[in-house]
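Descriptive analysis of the structure
Spelled out from the first residue to the last, the chains are:
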Amino acid sequence: MKSKALRLIALAAIAATALVGCAQNTGDAGSGQQPGAAGQPCDRTVANDVTLPTDKPSGPTDGFTVAMVRQSGVGDYFEQWGNGATKQIKAAGGQVDVYDARGDNARQVAQFNDAISARPDVIIVDHGLADSVNPKIDEAISNGIPVVVYDVNIANCEAMYISQDDTSIATEILDYLKQENPDGGKIAYVNVSGIAPLDSRDAVYQQFLKDNPQFTQVAHFGKYSESVASDTATEGAAALKASPDTTLAFAAYDELAKGTLIALRQNNMSDKVKVYGVDISTADIQLMTEPGSPWRATAATDPANVGAIVARAAIAAASGVDMPEKMTIPAALITQDMLREQGVTNMDELRAALPDLATPELLGAPWIPQVQPGV
Amino acid sequence: MTAQVSVGERAAFSVTDFFVRYGVVLVGLLVAIVFSVVIPGFATVDNAVSILQTQAVAAIAALGMTLTAIVGDLDLSVGAVAGLSVTVAAVVMIRFALTGPTAIVACLIAGAVVGCVNAILIVWLSVPPLLATLGTMFTVQGLKRWLVDGQTLITGMTLPDGTRVEGRFTDDFAAIDGTQVLGIPLSVYLFVLIAVLAWVFLERTRYGRVFYAVGGNAEAARLAGARVRRYQFTAYAISGVLAAIAGIILASRLRQGDVTAGDSALLDAVAMTLVGYAVLGAKKPNALGTVIGAVFIGLILQGLTQLGLPYYTQDLIKGLVLIFALLMSFSLRRRRRRFAAH
């Protein structure tokens, strides 16, 4: 029996060695990135100060058609985004055909095909896997259909790429954190690695720690799973037990912030720790304004406004305007004090209370009717 | 090897035997000691309570799963049912602004219904247990999202038809996981109570022995006069209710209708139940083993999290721990009683 167990262990050891061998064979190639492979994102030039021509371009405007190829339209965020975009397109006299893959990446590619066959004046791609949508974007552009992409780092530089400005998001919230806590503090850092926008925010945070030695990181947790908020809460409850002296928490997006709030409550630390987050939704507003809520502030863009900006880019592209390769949308700071003072309870009230959230100047033009996104 | 032909459980003493019996407990103690030395504040009552509170959700679901494992096979729908509880609680209290007790009753009914569906599929319609519960798992996961249109239900949100929901999680419901008595949350008392009841039921009553008899050899149990189908039915129904109770605790902790909650409780519950096989050399699903499995896994996860290891390494270690426990149950000794599931 024992010899059998021994043999098993030996086998495991051999297997492990073999695996290590494999790793070394492939590990020499470089630092992870496979260079020059087809479908790699191109180096885009960011042009945030781009303005549209004041005179109406020659391209089609009345009754133009926009195909919106979406990875998902379900959930608070995506619905607001879609409504913002649709409203702007309709206001400009266009027609929208929405292809909603409901989170199914394969279906998104199939629907992309349908969208190209329908010969719209422009295609909007909202989220998706870059590798899956890349060939379809190439196909659309070679068919003469301009493409505007939101939040997918795709390869073809002829398609315009719009995303949130993750650097501005992280800078905005960390500046406020420092402003509220000038003497520094002990930070619980809630973030996960391997997701592009979160990694950009991480870079800003790491620099912040270097530049501001009065802030130290005492805990780091966060779980990216099928249920982020509740799993992050479980982890946070354990991690915060080991760091009871935590005074601040920085969560890199709102589901992580939700998990942090639950963990703090479970550990009876809600009155000792101030939470700083990213993103905003009606649910987030509720959590921030709740009596005794430690969530002090969040940096975010308004999804409906983002949808409207992407729509304006699409309208301009359909009208024949030469669009830049990339544009990023800056974030606004939303504080707990502001929400409470103005009695804000949902996104609509927030838009009324914080006009900064709407950015009609971004890609605005006299020949594109202005809309108030989300109202 | 073949010398120990006497009686499976009472074989002559050997190192292997000792390890099989006390391996999990010893490793657990070792891990606890190492963490206590390495992590300041690990060996405190506060931290121990935190471990129990964290594990209570999956552990209660695992106790239900233990019952089904005795008579048939693992109930794979427990995570989905726990999640269904979170959604039902949110719908009752937030959407319809009803009271906490109403929400609890609704959750228990929902759990019992799913448990009975499992039982009907398995006992009357002869679907293999693992496949039947897998089917209900997917169905319930879809059902809970359908109930709330895939959205997290929260006070103050606007529904697609334009109405605003004004209800909120009531204080009495939030107290289940939020209120402490003598420094221990009510949810931990509930967990301990359910664990003791399950243990007494399985180990100290006639019904418990029949449960094991049904699982060991259903035909023999039937010939001995046991109503086999009734026992199988009961096990799956109870499992549904226990999973619902686990979900009630989770809902009380989250206080929002998180549609994804509960899904991760399934794998934890499976791990606890299977580690339980290895506790004290039981080699069969048992209540004490499941509870020790829950504490064992909780201990490891709590320590690793406090050491700052990222979550994916924890999943890896959880998997290795499970395999270690399975090896002790199934591989270290050849002669064993065949109670285990197929």
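As the structure is a computational prediction, the values presented were derived from the model and not from experiment.

1. A short note on the packing of helix α3 (residues 105–117) of chain A against helix α4 (residues 130–142) of chain A
Residues and elements named next belong to chain A.
- Where α3 meets α4, the axes come as close as 10 Å, and the angle between the chain directions of the two elements is 5°. Classified by the angle between their axes, α3 and α4 sit roughly parallel to one another. Contacts from Asn105, Gln108, Val109, Phe112, Asn113 and Ile116 of α3 reach α4 at Ser132, Val133, Lys136, Glu139 and Ala140.
- When the residues that make up the contact of α3 with α4 are grouped by side-chain class, the tally is five nonpolar, four polar and two charged.

2. Re the confidence of the model for chain B
All names here are of chain B.
- Scored by pLDDT, chain B comes out at a mean of 86, with 92% of its residues at no less than 70.
- Of the regions scoring below 50 in pLDDT, residues 1–9 engages in 10 contacts with residues more than four places distant in sequence or in other chains.
- Scored below 50 in pLDDT, residues 336–342 makes 16 contacts in the model with residues more than four places away or belonging to other chains.
- The ipTM, which scores confidence in the relative placement of chains, is 0.80 for this predicted complex, and the corresponding pTM is 0.79.

3. Some details on the sheet that holds strand β4 (residues 147–150) of chain A
Residues and elements named next belong to chain A.
- In spatial order, the strands read β2-β1-β3-β4-β5-β11; together these six strands make up an open sheet with parallel pairing. Of all the strands in the sheet, just β2 (95–100) and β11 (326–329) have a single pairing partner and so form its edges. In this sheet, neighbouring strand axes are inclined to one another by 20° on average, regardless of whether the strands run parallel or antiparallel.
- Looking at chain direction, strand β1 (residues 65–70) and β2 are connected through six bridges and run parallel. Among the inter-strand pairings, Arg70 is bridged to a residue of β2, identified as Asp100.

4. Some details on the domain arrangement of chain A
All names here are of chain A.
- In terms of domains, chain A is made up of domain 1 (65–164 + 303–330) and domain 2 (166–293).
- Each partner contributes residues to the interface: domain 1 has five residues there, and domain 2 has eight residues.
- Taken together, the residues of the side of domain 1 that touches domain 2 break down into two nonpolar, two polar and one charged.

5. Brief notes about the nonpolar core
- Core analysis: the biggest nonpolar cluster contains 159 residues, and B:Ile60, B:Ala61, B:Ala89 and B:Ala246 have the highest contact counts within it.
- The element contributing the most residues to this core is helix α10 (residues 228–254) of chain B, with 18 residues.
- When neighbours within four sequence positions are excluded, B:Ala61 is seen to be in contact with B:Val78, B:Gly79, B:Ala82, B:Leu242, B:Ala243, B:Ala246, B:Ala265 and B:Ala269.
- One finds A:Val66, A:Ala92, A:Ala115 and A:Ala316 within the second-largest nonpolar core, a separate group that totals 52 residues.

6. Concerning the interface of chain A and chain B
- At the interface, 29 residues of chain A touch 32 residues of chain B.
- The set of elements that each furnish at least two residues to the side of chain A that touches chain B consists of α1 (2–27), β7 (215–221), α7 (228–242), α8 (254–266) and α9 (282–289) of chain A.
- With 10 residues, the single largest contributor to the side of chain A that touches chain B is α7(A).
- Each residue belonging to the side of chain A that touches chain B can be placed in one class, and the counts come to 11 nonpolar, 11 polar and seven charged.

7. Side note on α8(A)
All names here are of chain A.
- Between its first and last C-alpha atoms α8 spans 18 Å; for 13 residues at 1.5 Å apiece the expected length is 18 Å, and the two agree.
- Extensive coverage of α8 is indicated by the burial of 13 of its 13 residues.
- Positive backbone phi, at 55°, marks Asn268, one or two positions downstream of α8.

What counts, and where the lines are drawn
Residues numbered from 1 in each chain as written. Chains lettered and ligands numbered in written order. Predicted model: local features only at pLDDT ≥ 70, side-chain atom pairs only at ≥ 80, totals over all residues. Axes fitted to C-alpha atoms, helices over the stretch in contact; angles between N-to-C directions. Helix = DSSP H or I, 4+ residues; strand = E, 2+ residues; numbered from the N terminus. Parallel < 35°, antiparallel > 145°, perpendicular 65-115°, else oblique. Contact = placed C-beta atoms within 7 Å. Nonpolar A, V, L, I, M, F, W, Y, C, P; charged D, E, K, R; others polar. pLDDT = per-residue confidence, 0-100. Pairing = 2+ DSSP bridges. Domains from an automatic or database assignment. Core = buried A, V, L, I, M, F, W, Y, C linked by C-beta atoms within 7 Å. Buried ≥ 20, exposed ≤ 12 C-beta atoms within 10 Å, placed from the backbone. Expected span 1.5 Å × (residues − 1).

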